[in-house]
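These are the residues of each chain, in order.
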Amino acid sequence: MTVLVLGGAGYIGSHTVYKLIDEGHDVVIVDNLETGYKEAVHPKARFYQGDIRDRAFISGVFDKEKIDAAIHFAANSLVGESMTNPLKYYDNNLHGTAILLEAMVAHGVDKIVFSSTAATYGEPERIPILETDRTEPTNTYGETKLSMEKMFKWTGKAHGLRYVSLRYFNACGAHVTGTIGEAHNPESHLIPLILQVPNGQREFISIYGDDYDTVDGTCVRDYIHVTDLAQAHILAVKYLMEGNESNIFNLGNGVGFTVKQVIDAARKVTNSEIPAVIAPRRAGDPAKLIASSDKARTILGWKPEHEDLEEIIESAWKWHKSHPNGYKTK
């Protein structure tokens, strides 16, 4: 099976490529390296550097390669930036996806797995969140991802495209070998930010609000190991290859961890004090965001292998300790 991975040099994309190749599949990567890294590209994958908004480029990739299915990670994904620069998100996430779908339809490629987000739900009606819950995004990022899902749906009705949309929260951890891991600039994810303290890159970690209605007053979030997320994308491709209908799945641990629990686990793993400072709440931060993954476990047969928080942080620490500046050497 030949799989086109759009955004395959990014964090979750690169881990999915490694997993696909481990399982013996043929992989083609498209990435413009805006937030991805050439060093994260698997040596056995065929890599095309370019932008999905470039019609001639993306059509050329489909001309050269016989693609069975696509996995789409090529989107801007910073919530804060999406609110200050919404048109960038509409241009890349929506306009780029429209051009990608045009090329897929023209070349008869009718299967796509989409990296969506639980930000499509907005403020949750209940915990854990179900796929049937109301979708009312509270930021541009979530709005564009929901619009991309709708784009797949209507393209499916018109052209027979089948898709799987995977909605998840916090990808975390790193490849078991320590070869690839999480590298964002600027970094905005909790676990890498915490690990910057024992790595000597920051004096303390900020906790935004400790007066939420949770077990210890700090926000609860859903953390999924990036390799388990990668496995879910591959299972979704297989689900479509078997002729199944379009579908949407949440990917979550169903439990959630508070910010303080994550910091405590990092202290154990790194054997470091990791000072924490309470800061004011951030606007729009819900107290709890936890997704139910019962549907994915039942229909896709998804079985996360790395659900222990300390194990997740240990894999991240292995990567960040040996790559304090990410893929950059200085």
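A quick note: this is a predicted structure, and the numbers were derived from the prediction, not measured.

Enquirer: In this structure, what is going on with the overall build of the protein chain? I would like to understand it.
Expert: Looking only at helices and strands, one finds 10 helices and 13 strands in the protein chain. A globule of 330 residues ought to have a C-alpha radius of gyration of about 20 Å, and the protein chain, at 19 Å, matches this closely. Along the longest, intermediate and shortest principal axes, the C-alpha atoms of the protein chain span 55 × 45 × 40 Å. Residues counted as buried form 57% of the 330 residues belonging to the protein chain. Pairs at least 24 residues apart make up 76% of the contacts formed inside the protein chain by residues separated by at least 6 positions. Total accessible area on the protein chain stands at roughly 14300 Å², and carbon and sulfur atoms take up 49% of it.

Enquirer: Please clarify how the layout of surface pockets should be interpreted in this entry.
Expert: If you roll a probe as big as a water molecule over the atoms, it shows you where there is empty space left. Its volume calculated, the second largest pocket comes out at about 260 Å³. Together, 19 residues line the second largest pocket, and His184, Gln196, Pro324, Asn325 and Gly326 are the ones closest to its centre. For the lining of the second largest pocket, the per-class residue count stands at 7 nonpolar, 9 polar and 3 charged.

Enquirer: It is not clear to me how the sheet that holds strand β3 (residues 46-49) should be interpreted in this structure. Could you clarify?
Expert: Whenever strands of a sheet pair, they do so through backbone hydrogen bonds, lying parallel or antiparallel. Read across the sheet, 7 strands follow the order β3-β2-β1-β4-β5-β6-β11 without closing on themselves; strand pairing throughout is parallel. Looking at strand neighbours, the two that pair on one side only are β3 and β11 (247-251), the edges of this open sheet. Strand-to-strand twist of the sheet, defined as the mean angle between neighbouring strand axes without regard to direction, takes the value 15 degrees. The pairing of strand β2 (residues 26-31) with β3 spans 4 bridges and is classified as parallel. From the neighbouring strand, Ile29 faces β3, where its bridge partner is Phe47.

Enquirer: Would you mind going over the environment of Ile52 with me for this structure?
Expert: In this fold, Ile52 is placed in the loop between β3 and α2 (55-64). The class of Ile52 is buried, set by a relative accessible area of 4%. For the pair formed by Ile52 and His95, sequence separation is 43 residues and the distance between their alpha carbons is 8.9 Å. Ignoring sequence-local partners within four residues, the contact set of Ile52 consists of Leu6, Val30, Ile58, His72, Ala74, Asn92, Gly96, Thr97, Ile99 and Leu100.

Enquirer: What is the right way to look at the side chain of Asn92 in this model?
Expert: Here Asn92 lies in helix α4 (residues 86-106). For Asn92, a relative accessible area of 5% corresponds to the buried category. Reaching out from Asn92, the side chain makes a polar contact with the side chain of Asn76 at a distance of 2.9 Å. Residues within four places of Asn92 in sequence aside, it is in contact with Asp51, Ile52, Arg53, Ala74, Ala75, Asn76 and Thr97.

Enquirer: Please explain empty space enclosed by the protein as it appears in this structure.
Expert: If you walk through the whole model with that rule in mind, you get 2 cavities of 30 Å³ or more. Roughly 40 Å³ of volume is contained in the largest cavity. Of the residues in the lining of the largest cavity, the class split is 6 nonpolar, 5 polar and no charged. In this model, the second largest cavity occupies a volume close to 30 Å³. Forming the walls of the second largest cavity are Tyr223, Ile224, His225, Asp228, Asn253, Pro304, His306, Glu307 and Ile312. Considering each element in turn, the lining of the second largest cavity owes the most residues, 3 residues, to strand β10 (residues 223-225). Along the lines of polarity and charge, the residues of the lining of the second largest cavity split into 4 nonpolar, 3 polar and 2 charged.

Enquirer: Honestly, the environment of Thr177 in this entry has me stumped. Any pointers?
Expert: When you line up the elements, Thr177 lands in the loop between β7 (170-172) and α6 (190-195). A polar atom in the side chain of Thr177 sits 2.7 Å from the side chain of His175. A polar contact of 2.5 Å, which involves the side chain of Thr177, links it to the side chain of Thr179.

Enquirer: What is the right way to read the pattern of salt bridges from this model?
Expert: In this structure the tally under the stated criterion is 19 salt bridges. For Arg126, the salt bridge goes to Asp133, with nearest N and O atoms at 2.5 Å. A relative accessible area of 40% means that Arg126 is categorised as partly exposed. According to the relative accessible area criterion, Asp133 is buried, its value standing at 7%.

Enquirer: Help me understand the packing of helix α1 (residues 11-22) against helix α7 (residues 226-241), please; the structure alone is not making it clear to me.
Expert: Helix-helix packing: each pair is described by the crossing angle between the helix axes and the interaxial distance. For the pair α1 and α7, the least separation of the axes is 8 Å and the interaxial angle reads 65 degrees. For the element pair α1 and α7, the recorded crossing hand is right-handed. Across the interface between the two elements, Tyr11, Ile12, His15, Thr16, Lys19 and Leu20 of α1 pack against Val226, Thr227, Leu229, Ala230, Gln231, His233 and Ile234 of α7. Looking at the contact of α1 with α7, its residues break down into 7 nonpolar, 5 polar and 1 charged.

Enquirer: So what exactly am I meant to see when it comes to the pairing of strand β1 (residues 2-6) here?
Expert: Every regular strand shows the same layout, with side chains that alternate between the two sheet faces. Taking burial as the measure, the 5 residues of β1 include 5 buried ones, the bulk of the element. Side chains of β1 alternate between two faces, with Thr2, Leu4 and Leu6 and Val3 and Val5 buried alike. Two strands pair when backbone bridges link them, and β1 and β2 are joined in this way by 5 bridges, in the parallel orientation. Counted as the bridge partner of Thr2 is Asp26 from β2. This β-α-β element, β1 to α1 to β2, shows right-handed connectivity. Note: β1 against strand β4 (residues 69-72), 4 bridges, orientation parallel. Bridge assignment links Leu4 to a residue of β4, and that residue is Ala70.

How each quantity is defined
Throughout this document, residue positions are counted from 1 along each chain, in the order its sequence is written. In keeping with the predicted nature of the model, local features appear solely for residues at pLDDT of at least 70, side-chain atom pairs appear and are counted solely at 80 or more, and the whole-chain, interface and lining totals rest on all residues. Calculation of side-chain values draws on the structure's entire complement of heavy atoms; hydrogens and water are dropped beforehand. Strands are runs of DSSP state E lasting at least two residues, helices are runs of H or I lasting at least four, and both sets are numbered from the N terminus onward. Just to be clear, the radius of gyration here is over C-alpha atoms, and the globule rule we use is 2.2 Å times residues to the power 0.38. Note on exposure labels: buried denotes an accessible area under 20% of the residue type's maximum, exposed denotes more than 50%, and partly exposed covers the range between, all computed with a 1.4 Å probe on protein chains only. Should any heavy atoms of two residues lie within 4.5 Å, those residues are counted as being in contact. We get accessible surface area from the Shrake-Rupley algorithm with a probe of 1.4 Å; when it comes to residues, only the shown protein chains can shield them. Within this scheme a cavity is a closed region of a 1 Å grid, computed over the protein atoms alone, that accommodates a 1.4 Å probe without allowing it to escape, whereas a pocket is open but has protein on both sides within 12 Å along at least five of seven lines; lining residues each have an atom within 4 Å of a point. Grid points are joined across faces, edges and corners, and a volume is the space filled by probe spheres set on the points. Residue polarity is assigned by list, with Asp, Glu, Lys and Arg as charged and Ala, Val, Leu, Ile, Met, Phe, Trp, Tyr, Cys and Pro as nonpolar; anything else, Gly included, falls into the polar class. DSSP-based pairing: two strands are paired if at least 2 bridges between them are found. Note on geometry: axes are lines fitted to C-alpha atoms, helical ones only across the stretch in contact, with angles between N-to-C directions running from 0 to 180 degrees. The definition of a polar contact used here is a pair of N or O atoms within 3.5 Å, where within protein one atom must be able to donate a hydrogen and the other to accept one, and adjacent residues in sequence count solely through side-chain atom pairs. Every case where a carboxyl oxygen of Asp or Glu lies within 4 Å of a side-chain nitrogen of Lys or Arg is listed as a salt bridge. In this scheme, a crossing is called left-handed if the near helix is turned counterclockwise away from the far one by less than a right angle; it is called right-handed if the turn is clockwise. Here is how to tell: hold the view so the strands point away, follow the path from the first strand over the helix to the second, and if it runs clockwise the crossover is right-handed.

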